[in-house]
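# Reading the structure
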Amino acid sequence: MFPYPSGHLHMGHVRNYSIGDTMARFQRMLGKNVLQPMGWDAFGLPAENAAIQNKVAPAKWTYGNINYMREQLQRLGYAYDWSREIATCHPDYYRWEQWFFTRLFEKGLVYKKEAEVNWDPVDQTVLANEQVIDGRGWRSGALVERRKIPQWFIKITDFAQELLDDLEKLDGWPEKVRTMQSNWIGRSEGVELDFEVANENDASLQTLSVYTTRPDTLLGVTYLALAAQHPLALKAAESNPALVKFIEQQNNIKVAEAEMATMEKAGIDTGLKALHPITQQQLPIYLANFVLMSYGSGAVMAVPAHDQRDWEFAKKYGLAIAQVIKPESEDEICDLEQQAFVSKGILINSGEFDGLNFNQAFEAIAKYLGERGKGSKKVNFRLRDWGVSRQRYWGSPIPIINCEACGAVPVPDADLPVRLPEDIDLDESGSPLGKLAEFYKVNCPKCGAAATRETDTFDTFMESSWYYARYACRDQTNAMLDERADYWLPVDQYIGGIEHAILHLLYARFFHKLMRNEGLVNSDEPFTHLLTQGMVLKDGSKMSKSKGNTVDPLPLIEKYGADTVRMFTMFASPPDQSLEWSDSGVEGSFRFLKRLWKIVSSHEPLALGDFSGLSLSAEQTQLRRKTHQTIQKVSDDYARRHTFNTAIAATMELLNAVSRFADSEQGETDKLIIQEALEASILMLAPIVPHFSHVLWQYLGHAEAVIDAPWPQVDESALKESTALIVLQVNGKVRAKIEVAKDIDKATLERLAQEHESIKKFTENGTVRKIIIVPGRLVNIVVS
RNA sequence: GCCAGUGUGGUGAAAUUGGUAGACACGCCGGAUUCAAAAUCCGGUUCCUUCACGGGAGUGGCGGUUCAAGUCCGCCCACUGGUACCA
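Attention here is on the structure that accompanies the text. (Residues numbered from 1 in each chain as written. Chains lettered and ligands numbered in written order. Predicted model: local features only at pLDDT ≥ 70, side-chain atom pairs only at ≥ 80, totals over all residues. Heavy atoms only, no water.)

Right, let's get into the overall build of chain A. For chain A, the helix and strand inventory stands at 25 helices and 32 strands. Each of the three principal axes of chain A carries a C-alpha extent, and together these read 105 × 80 × 45 Å. Residues classed as buried in chain A amount to 52% of the 784 residues present. Here the analysis covers contacts within chain A between residues at least 6 apart in sequence; of these, 69% occur between residues at least 24 apart. Roughly 36,200 Å² of accessible area belongs to chain A as shown, and the carbon and sulfur atoms make up 48% of that amount. With 85 positive and 104 negative side-chain charges, chain A shows a spacing of 2 Å between the two charge centroids. (Helix = DSSP H or I, 4+ residues; strand = E, 2+ residues; numbered from the N terminus. Buried < 20%, exposed > 50% of the residue type's maximum accessible area, 1.4 Å probe, protein only. Contact = heavy atoms within 4.5 Å. Areas by Shrake-Rupley, 256 points an atom, 1.4 Å probe, with all protein chains shown as cover. Lys, Arg positive; Asp, Glu negative; His and termini not counted. Charge placed at Lys NZ, Arg CZ, Asp CG, Glu CD.)

This next bit is on the sheet that holds strand β22 (residues 450–453). In space, the four strands of this open sheet follow the order β20-β19-β22-β21, with antiparallel pairing throughout. At either end of the open sheet lies a strand with only one pairing partner, and these are β20 (407–410) and β21 (441–443). Put simply, the sheet's adjacent strands are angled 40° from each other on average, direction ignored. Relative to β22, strand β19 (residues 400–403) is paired through two bridges, and the arrangement is antiparallel. Pairing of Ile401 across the sheet is with Arg453, part of β22. Most of the contacts of helix α4 (residues 91–106) go to β20, to which it runs at about 130°, and overall it touches β19 and β20. (Pairing = 2+ DSSP bridges. Axes fitted to C-alpha atoms, helices over the stretch in contact; angles between N-to-C directions.)

Any empty space left between atoms is shown by rolling a water-sized probe over those atoms. By volume, the second largest pocket is sized at about 920 Å³. Looking at the second largest pocket, it is lined by 36 residues, and the ones nearest its centre are Leu35, Gln36, Val491, Asp492 and Gln493. Put simply, the parts of the chain that give the lining of the second largest pocket at least two residues each are α1 (11–29), α13 (467–470), β24 (491–497) and α19 (618–641). Here the element with the most residues in the lining of the second largest pocket is α1; it accounts for eight residues. Considering only residue class, the lining of the second largest pocket consists of 24 nonpolar, nine polar and three charged. (1 Å grid on protein atoms, 1.4 Å probe; cavity = no way out; pocket = protein on both sides within 12 Å on 5 of 7 lines; lining within 4 Å. Points joined across faces, edges and corners; volume = space filled by probe spheres on them. Nonpolar A, V, L, I, M, F, W, Y, C, P; charged D, E, K, R; others polar.)

The strand order β4-β3-β7-β17 describes an open sheet built from four strands, whose pairing is antiparallel. Across the chains shown, the open sheet's two edge strands, defined by having one partner strand only, are β4 (125–127) and β17 (386–387). With two bridges joining them, strand β7 (residues 145–154) and β17 adopt antiparallel strand pairing. When the bridges of β17 are listed, Phe153 appears paired with Gly387. Contacting β3 (110–120) and β7, α4 runs over the sheet at an angle of about 85° to β7.

For the structure shown, the criterion picks out four cavities of 30 Å³ or more. Of the volumes computed, that of the second largest cavity is approximately 50 Å³. The wall of the second largest cavity is formed by Arg25, Arg28, Met29, Ala686, Pro687, Val706 and Ile707. Partitioning the lining of the second largest cavity into residue classes produces five nonpolar, no polar and two charged.

Looking now at the protein's contact with RNA strand B. Contacts to RNA strand B come from 74 residues, most closely from Asp41, Arg392, Ser584, Lys633 and Arg640. Expressed as a percentage, the sugar and phosphate content of the atoms of RNA strand B within 4 Å of the protein is 63%. At a separation of 2.9 Å, a base nitrogen of RNA strand B approaches a polar backbone atom of Arg384. The contact in question runs from a phosphate oxygen of RNA strand B to an N or O atom on the side chain of Arg591, over 2.7 Å. Residue composition of the surface near RNA strand B, grouped by class: 27 nonpolar, 21 polar and 26 charged. (Near = heavy atom within 4 Å. Polar contact = N/O pair within 3.5 Å; in protein donor to acceptor, adjacent residues only side chain to side chain.)

Here Ser523 lies in the loop between α15 (503–517) and β25 (527–533). What makes Ser523 buried here is its relative accessible area of 10%. Residue contacts for Ser523: discarding those within four places in its chain leaves Asp486, Leu489, Pro490, His512 and Arg516.

Structurally, Ala718 can be placed in helix α23 (residues 716–719). Counting along the chain gives 91 residues from Ala718 to Thr627, while the straight-line C-alpha distance between them is 8.6 Å. In this structure, Ala718 is in contact with Arg624, Arg625 and His628, ignoring residues within four places of it in sequence.

Ring pairs (aromatic) are described by centroid distance and by the angle formed between their planes. Overall, the coordinates contain 38 aromatic pairs when judged by the stated rule. When the ring of Phe290 is compared with that of Phe313, the centres are 5.5 Å apart and the planes differ by 80°; the resulting orientation is edge-to-face. Taken together, the positions of Phe290 in the loop between β12 (282–288) and β13 (299–302) and Phe313 in helix α10 (residues 308–317) put the pair 23 residues apart, joining distant regions of the chain. Pairing Tyr638 with Phe644 gives two aromatic rings, centres 5.3 Å apart and planes at 80°, and the pair type is edge-to-face. Of the residues examined, Tyr638 reaches a relative accessible area of 2% and is grouped as buried. By relative accessible area, Phe644 is classed as buried at 1%. Over the aromatic face of Trp96 sits the side chain of Arg95, whose NZ or CZ is 4.5 Å from the ring centroid. (Phe/Tyr/Trp six-rings, centres within 6.5 Å; stacked < 30°, edge-to-face > 60°. Lys NZ or Arg CZ within 6 Å of the ring centre and 35° of its normal.)

Taken as a whole and assessed by the stated rule, the structure comprises 41 salt bridges. Close ionic contact of Arg516 with Glu162 constitutes a salt bridge, the shortest N to O distance being 2.7 Å. Taken as a pair, Arg516 in helix α15 and Glu162 in helix α5 (residues 160–165) lie far apart in primary sequence, 354 residues in all. We classify Arg516 as buried; its relative accessible area is 19%. Between Asp166 and Lys513 there is a salt bridge, with the nearest N and O atoms lying 2.4 Å from each other. You can see Asp166 sitting in the loop between α5 and α6 (175–185) and its partner Lys513 sitting in helix α15, a full 347 residues away along the chain. Judged by its relative accessible area of 6%, Asp166 falls in the buried class. Taking relative accessible area as the criterion, Lys513 reaches 0% and is therefore assigned buried. (Salt bridge = Lys/Arg side-chain N within 4 Å of Asp/Glu carboxyl O.)

With omega at 0°, the peptide bond leading from Leu416 into Pro417 counts as cis. By secondary structure assignment, the location of Pro417 is in the loop between β20 and α12 (437–440). Cis geometry is found at the peptide bond from Leu489 to Pro490, where omega equals -5°. Following the sequence through the fold, Pro490 ends up in the loop between α14 (483–488) and β24. Although it is not a glycine, Asn199 sits at a positive phi angle of roughly 55°.

Turning our eyes to something else, we now look at the packing of α1 against helix α17 (residues 562–571). Their axes nearest at 10 Å, the elements α1 and α17 cross at an angle of 90°. Here α17 runs roughly perpendicular to α1, going by the angle between their axes. Residues Val14, Arg15, Ser18, Ile19, Asp21, Thr22 and Arg25 of α1 form the contact with α17, whose own contacting residues are Val565, Arg566, Thr569 and Met570. By residue class, the composition of the contact of α1 with α17 is four nonpolar, three polar and four charged. (Parallel < 35°, antiparallel > 145°, perpendicular 65-115°, else oblique.)

Here we come to a positive patch on the surface. Together, Arg591, Lys594, Arg595 and Lys598 make up a positively charged patch on the protein surface. Considering the arrangement of structural elements, one finds Lys598 in helix α18 (residues 583–601). (Patch = residues over 30% accessible without salt bridge, like charges linked within 9 Å, V, L, I, M, F, W, Y side chains within 5 Å.)

A few words now on the packing of helix α3 (residues 58–75) against helix α16 (residues 553–560). At a minimum axis distance of 11 Å, the contact between α3 and α16 shows a crossing angle of 35°. Our pair here, α3 against α16, has a crossing hand that is left-handed. Of α16, the residues touching α3 (which contributes Tyr68, Gln72 and Arg75) are Leu554, Ile557 and Glu558. Across the contact of α3 with α16, the residue classes break down as three nonpolar, one polar and two charged. (Left-handed = near helix turned anticlockwise from the far one by under 90°.)

Written as structure tokens, this is what we have:
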């Protein structure tokens, strides 16, 4: 993933791009044609904050940061193709995303609706969730208010099923990311049904539609709960000041699911009644702060006997609790005084549906409601449409013109890009675009009348959803993408932090499908293999400015060189785990590289020959075996496991063995075996420490550069071993170890084990019950 | 709250398919070298017990499956990421 140009390269970047560069160089050594590009996710909030703080325009600040960070990346020696560099704030880039949005507009895949934002009433600006701290604006300290404003949405929910189904194709992705995305999309099967509202004259409010995944509990409904923003709630509030007060109270909480879900459950009786679709019983209608207007219809049927949240709410407000499900088996406990009984079971107190189990009741009740026109089965998704409007300056302008006569009109291709004015002054009251007449005053492209341009900008996830494709053809000025995109796509290996597991990766998958449907790419998914790297920690917590525990890579590069820094980040832990920063660990990597230099430079290079004719001593055979065992292991670590830490450890082991071997007198054959071990070691380290390896490879007698050298091959004949180490256990505890011939038969091995002095001690006072033999590994004698 | 993940020596970690727990490093301790130090090299280093040989315990906690569990299952605890406007 490309970085946000914050102005400083941090260790998270160093880690991400060191992993990527290592993998890219490895693939190159395997003979692949590798594209390794780099770019900048250049729009976003921090530029606006910096602009206010330092009185510098976001564009200038951003371009300055990019220049500085590019230099830092170059110092780390990453093998990027800089001719493909992208900055998303450049009009050549965002014009295509504007163009694409107008295509989506034509296809009816975008629409405008009212949605809530965090409003700071003092600064008169919309706040991001992270800018609201304990319910107050971060600068003004004012209590935030929820406020509804019209915003653009893209219909990602139209693709919910495909996004879910295609997760199964992504076998190169970590299981945890697929699980998280699947849960996020949140497909459920249930029933949508209508409750009539008693004595309601307004036709549009006469029925309350609710969705439930538990239609089997329908006869246990004792009240209904509405979101505070539900139209019926707003209508009821017109004649009820207590409701107005409740709705206002719910207004001072930020627009975030975590806030909603952890706040104290509260509700209020609207006084309205709903009629149960089967029993016609009158049920109270409550407003409840845990009902989300954005999920389902903003109304839920409450079954306190069989839903824990409904149960707690009913207890708090003294509402009825009616049991309609009993446990299927005796050992399940159902005590409705203590808690709700939420498991599926057998229906009771449900009239004609008594005795049915969950599946039977689901079908029967759906059928009953269907026949009477009161409900039907429905598949529902938790996923909501993608809101792409931001009331900010530093982003791509949304290419729409609002005309009084024609409505929302997309900007014609010929007028794209809609350029963001870059020479501006920012103050604390938000986006200046609404004050720039030369920006927003335009004529309607359809009728020519005076009209106004959208002054909202795109969510920055728009830019990061397709940049990977643009790398393939970033010099293309006549189209968003061309045929080169399909040559390179899908991306074979994508690397980024686990924090992007849902939002960025889901939007990018969605965007890719939109581009496919537009005929721009022919693949279904953007990223074949995904590696989610862990965070970089210092003293056990995430490096951050606020904690003051950041480590700046630059002084380390100056002190030790890029290779040392790269090596430490690859050695300290496997890529998908968090990495604990350690200054003495860096020192250790530096020491290793110095030792490597010494071992190689004290060796007299010679040309490698054929080993098949040579007869080797035991020590020589052993070192050769170690060399080829190491090549085998390290190749697997690179290609399949991506555990570069163990690859480095194995190479260290090999070099330790070379070092011990080289201490004794050396003949020609010894030198040959050392040459082979050193060549393999350099090649295996080359993707991680390219500068060191480049020089040492040439020292060893090669004219070619190590970056063009092929990956080392395993000589199977060198791997052969004649003996095996067998562990002897008594009752699962290790008591001895013996070295035996590899082809030993079971009976002999069993006898050897039983006769072993250390084993006899533990077996002679009991009876041998069983002997388990795992060939080539262990013997376990079970005694009692 | 919900979803996902992580938890192993003094520290970072390894153990890949249920089969030797702690590879490889860092740190520390001891030695060599040095006038001395740094650097370098060699050796030791899970804990408890033992002069030693050996023995016992041990992978966040409790329980289970198995000849055998860091690894599989159940419950619990702590921490991390995400939670739709940070990117």
